[in-house]
Amino acid sequence: MLNPYDFNSVVVLTGAGISAESGLKTFRDSGGLWEGHSIEEVATPNAFNRNPDLVHTFYNLRRKQLLDEAAPNTAHMALADFEKNFEGNFTLITQNVDNLHEQAGSQNIFHMHGELLKARCLECRQSIDWDQKLETSTVSPCCNIKGSLRPDIVWFGEIPMHMKQIEQILEQCDLFVSIGTSGQVYPAAGFMQMASFAGAKTVELNLEACGRYSRFDHAIYGPATKIVRQFFDPASEEKVNQQ
Ligand code: APR
């Protein structure tokens with residue numbers, strides 16, 4: 001297996017699977033329903049126009065669950081530790097809207113699908129920190145307008161954030177590691193190929209292979225809490241094996 005410390009520029013892409021063992025449900029493992037709702041009901045601009053109360057309630061619950069119940073697990077910690085110890089360039093791109101990577105100590109991170117703990121003003125487009133309930137009656141602190149705040153989440157049909165920077169970083173990386181994502185949602189699903197075209201080695205760390213054939217150069221399958229540290233802290237694995 002590859003040693004990530006042997007590379008110069010490491011890019012990690014994470015998805016819902018890395019937070020699953022922190023108690024946050026993945027999307028596609030629960031029968032296509034996300035906490036009982038379809039994408040069309042809660043995660044599109046149309047859904048918000050049609051029924052903003054339902055969309056707010058859905059994200060209020062997600063936000064409260066994150067704040068009250070979830071904590072980073074050893075996979076989040078292993079990535080933060082690697083970033084601290086690694087002397088090359090390290091970038092973490094996450095599709096997750098939770099803040100468990102930040103809580104674990106990760107620094108150089110792009111939330112391409114937005115963040116649960118932020119709200120966006122539809123009037124001035126400003127993104128602001130938000131850890132409370134959002135309601136249609138909420139008045140925006142920036143513009144003082146009732147109902148102008150929405151969750152700062154990239155919904156289906158919207159363009160993911162930070163794409164220019166992400167593409168540049170992928171073009172320069174020499175190791176790309178995908179963790180806990182089913183690889184079904186573009187553009188993130190295309191990052192492995194972009195990195196591979198740029199000459200990077202590609203690694204999949206996931207509970208199981210996505211699709212019949214893995215197109216990654218290497219793969220480790222198992223729960224993130226086990227395999228992420230195994231890959232990113234090879235020395236600790238050796239110690240365990242020697243005991
Ligand atoms: N350890 C590692 N991988 C896991 C674990 C675990 N404990 N539990 C589940 N997985 C894997 C699943 O096997 C699956 O391949 O995590 C993946 C989760 O896939 P999805 O639910 O499709 O989540 P993700 O890929 O992040 O979805 C992408 O789609 O729902 C939208 O915008 C949302 O950002 C999300 C995007």
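Everything in this summary refers to the structure shown in the same document.

Conventions used here
Residues numbered from 1 in each chain as written. Predicted model: local features only at pLDDT ≥ 70, side-chain atom pairs only at ≥ 80, totals over all residues. Heavy atoms only, no water. Buried < 20%, exposed > 50% of the residue type's maximum accessible area, 1.4 Å probe, protein only. Helix = DSSP H or I, 4+ residues; strand = E, 2+ residues; numbered from the N terminus. Pairing = 2+ DSSP bridges. Axes fitted to C-alpha atoms, helices over the stretch in contact; angles between N-to-C directions. Contact = heavy atoms within 4.5 Å. Expected span 1.5 Å × (residues − 1). Polar contact = N/O pair within 3.5 Å; in protein donor to acceptor, adjacent residues only side chain to side chain. Parallel < 35°, antiparallel > 145°, perpendicular 65-115°, else oblique. Left-handed = near helix turned anticlockwise from the far one by under 90°. Nonpolar A, V, L, I, M, F, W, Y, C, P; charged D, E, K, R; others polar. Near = heavy atom within 4 Å. Core = buried A, V, L, I, M, F, W, Y, C linked by side-chain atoms within 4.5 Å.

What about the pairing of strand E7 (residues 175–179)?
1) Next: Among the five residues that make up E7, five are buried, leaving the element largely enclosed by the rest of the structure.
2) Next: The side-chain alternation of E7 yields two buried faces, one formed by Leu175, Val177 and Ile179 and the other by Phe176 and Ser178.
3) Next: Relative to E7, strand E1 (residues 9–14) is paired through five bridges, and the arrangement is parallel. Across the sheet, residue Val12 finds its bridge partner in E7, namely Val177.
4) Next: Where E7 meets strand E8 (residues 201–206), five bridges bridge the pair, whose relative direction is parallel.

A look at the sheet that holds strand E4 (residues 114–121)
1) Next: Pairing is antiparallel in the open sheet, where three strands are placed in the order E5-E4-E6. The strands lining the two open edges of the sheet, one partner per strand, are strand E5 (127–129) and strand E6 (149–153). With strand direction ignored, the average angle separating the axes of adjacent strands in the sheet is 45°.
2) Next: Note: E4 against E5, three bridges, orientation antiparallel. When the bridges of E5 are listed, Lys118 appears paired with Asp129.
3) Next: Its contacts with the sheet put helix H4 (residues 52–69) on E4 and E6, and the angle it makes with E4 is roughly 135°.

Here's the deal with the sheet that holds strand E3 (residues 109–111)
1) Next: On the basis of which strands lie adjacent, the open sheet formed by six strands has the order E3-E2-E1-E7-E8-E9 and parallel pairing. Bordering the open sheet on either side are E3 and strand E9 (218–221), each of which pairs with just one other strand. Neighbouring strand axes in the sheet, compared pairwise and without regard to direction, differ in orientation by 15° on average.
2) Next: Sheet contacts for helix H5 (residues 74–85): E1, strand E2 (89–94) and E7; angle to E2, the most-contacted strand, approximately 155°.

Regarding H5
For the α-helix, the turn length of 3.6 residues means that residues three or four positions removed from each other point alike.
1) Next: The end-to-end C-alpha distance of H5, which contains twelve residues, comes to 16 Å, matching closely the 16 Å that a straight helix rising 1.5 Å per residue would cover.
2) Next: Taken together, the buried positions of H5 are occupied by Ala75, His76, Ala78, Leu79, Ala80, Phe82 and Glu83.
3) Next: Where the residues of H5 are buried, they touch E1, helix H1 (17–20), E2, helix H6 (100–104), E7 and helix H9 (224–232).
4) Next: Sitting at the amino-terminal end of H5 is Asn73, which places a side-chain oxygen 2.7 Å from the backbone nitrogen of Ala75.

What to know about the packing of H5 against H9
1) Next: Axis separation between H5 and H9 bottoms out at 7 Å; the angle between their running directions is 15°. Relative to H9, the element H5 lies roughly parallel. Note on packing geometry: the crossing formed by H5 with H9 is left-handed. On the side of H5, the interface is formed by Thr74, Ala75, Met77, Ala78, Leu79, Asp81 and Phe82, while H9 contributes Ala224, Thr225, Val228, Arg229 and Phe232.
2) Next: Here the residues of the contact of H5 with H9 sort into eight nonpolar, two polar and two charged.

What about the pairing of E2?
Consecutive side chains along a regular strand alternate between the two faces of the sheet.
1) Next: Most of E2 is tucked away: five of the six residues are buried.
2) Next: Of the pairings in the sheet, the one linking E1 to E2 comprises six bridges and is parallel in character. Directly across from Val12, in E2, lies its bridge partner Leu92.
3) Next: Both E2 and E3 contribute to a ladder of three bridges, which runs parallel. Bridge pairing links Thr94 to His111 in E3.

Structural notes on the side chain of Gln95
1) Next: Among the structural elements, Gln95 can be located in the loop between E2 and H6.
2) Next: Separated by 3.0 Å, the side chains of Gln95 and Thr181 make a polar contact.

Remarks on the site of the ligand
1) Next: Lining the immediate surroundings of the ligand are 23 residues, of which Ala16, Glu21, Arg28, Thr181 and Ser182 lie closest.
2) Next: Between the ligand and His113 there is a distance of 2.9 Å, counted from an oxygen atom to a side-chain nitrogen or oxygen.
3) Next: Take Ser182: an N or O atom from its side chain is 2.5 Å from an oxygen atom of the ligand.
4) Next: Residue classes in the shell around the ligand are distributed as nine nonpolar, ten polar and four charged.

Details of the nonpolar core
1) Next: Residues Leu205 and Phe232 are the most contacted members of the largest nonpolar core, which totals 24 residues.
2) Next: Going through the elements one at a time, E1, H5, E2, E7, E8 and H9 are the ones with two or more residues in this core.
3) Next: A total of five residues in this core trace back to one element, the largest contributor, which is H9.
4) Next: Other than its neighbours up to four places away in sequence, Leu205 contacts Val177, Ser178, Ile179, Gly180, Ile220, Ile227, Val228, Phe231 and Phe232.
5) Next: Ranked by size, the runner-up nonpolar core spans 18 residues in total, among them Leu24, Val55, Ala70 and Leu100.

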